[in-house]
Amino acid sequence: MSQTPNPSGIIGAFTEELGELNKIVADHGMTDFVARLFVRTLFSIFDGYAFYVKQLALGGAAAAGVTFTRSELEVLTEVRSAKGKNGNLESRPKIVPTRENLTMALKCYARVRGSVPPLPNGALPVEFTSASDVRNRITHPRQTSDFTISASERQAIGGLL
């Protein structure tokens, strides 16, 4: 069962995460470890923010007269239907990549609010691709060099904030 979104609670939690991370950066500098921690935290915040915005979209859709497509609902609810071994439809979790999660959340929420989505042409900033590549590399490393984050990657990550 879904809980009612709490804007001040989730935003407060995000603010606390970033505040603690900034303390670590101030105390230790932007080492590779701190940069990796920064990326993981940033993408956690992105996913949490997307969830929050999706809940607002779902909660306001009926009053706004908005009906979502089946594929939109799969992303918004993170649940998909699939045939089970017995041939019956079953609900299963849907893993939504952060890029799709954010863009769909903002697009659907804007539709419910009757406004234009905040992303130009529905695209995330170019820095997102670089930061996403880093996130994927450090969370699924294949070699020790995957843990190194270049200066340009750090700049892209910082630009997302």
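Residues numbered from 1 in each chain as written. Predicted model: local features only at pLDDT ≥ 70, side-chain atom pairs only at ≥ 80, totals over all residues. Heavy atoms only, no water.

## A word on the pairing of strand S1 (residues 79-83)
Thought 1: Of the strand pairs in this sheet, S1 and strand S2 (residues 89-93) are connected by 5 bridges, and their pairing is antiparallel. When the bridges of S2 are listed, Arg-80 appears paired with Arg-92. (Pairing = 2+ DSSP bridges. Helix = DSSP H or I, 4+ residues; strand = E, 2+ residues; numbered from the N terminus.)

## Some thoughts on helix H4 (residues 98-113)
The periodicity of an α-helix, 3.6 residues per turn, causes residues three or four places apart in sequence to face the same way.
Thought 1: Counted at 1.5 Å a residue, the expected span for H4 with its 16 residues is 22 Å, and the 22 Å between its end C-alpha atoms agrees.
Thought 2: All of the buried residues along H4 are Thr-98, Asn-101, Leu-102, Met-104, Ala-105, Leu-106, Cys-108, Ala-110 and Val-112.
Thought 3: Positive phi appears at Gly-114, one or two residues downstream of H4, with a value of about 70 degrees. (Expected span 1.5 Å × (residues − 1). Buried < 20%, exposed > 50% of the residue type's maximum accessible area, 1.4 Å probe, protein only.)

## Details of the environment of Ile-149
Thought 1: Within the element layout of this structure, Ile-149 appears in the loop between helix H5 (126-139) and helix H6 (151-160).
Thought 2: Counting along the chain gives 65 residues from Ile-149 to Gly-84, while the straight-line C-alpha distance between them is 42 Å.
Thought 3: Contact partners of Ile-149, with chain neighbours within four places excluded, come to Asp-32, Ala-35, Arg-36, Val-39, Val-134, Arg-137, Arg-154 and Ile-157. (Contact = heavy atoms within 4.5 Å.)

## A look at the packing of aromatic side chains
Thought 1: If you walk through the whole model with that rule in mind, you get 3 aromatic pairs.
Thought 2: With centroids separated by 5.3 Å and ring planes inclined at 75 degrees, the aromatic side chains of Phe-43 and Phe-46 adopt a geometry described as edge-to-face. Here Phe-46 and Phe-43 lie together in helix H2 (residues 32-64), a separation of 3 residues that amounts to about one turn. Here Phe-43 matches Phe-46 in class, with each residue buried.
Thought 3: Measuring from centroid to centroid gives 5.9 Å for Phe-46 and Phe-128, while their planes differ by 40 degrees, and the two rings are tilted. Taken together, the residues span a long stretch of sequence, with Phe-46 in helix H2 and Phe-128 in helix H5 at a distance of 82 residues. (Phe/Tyr/Trp six-rings, centres within 6.5 Å; stacked < 30°, edge-to-face > 60°.)

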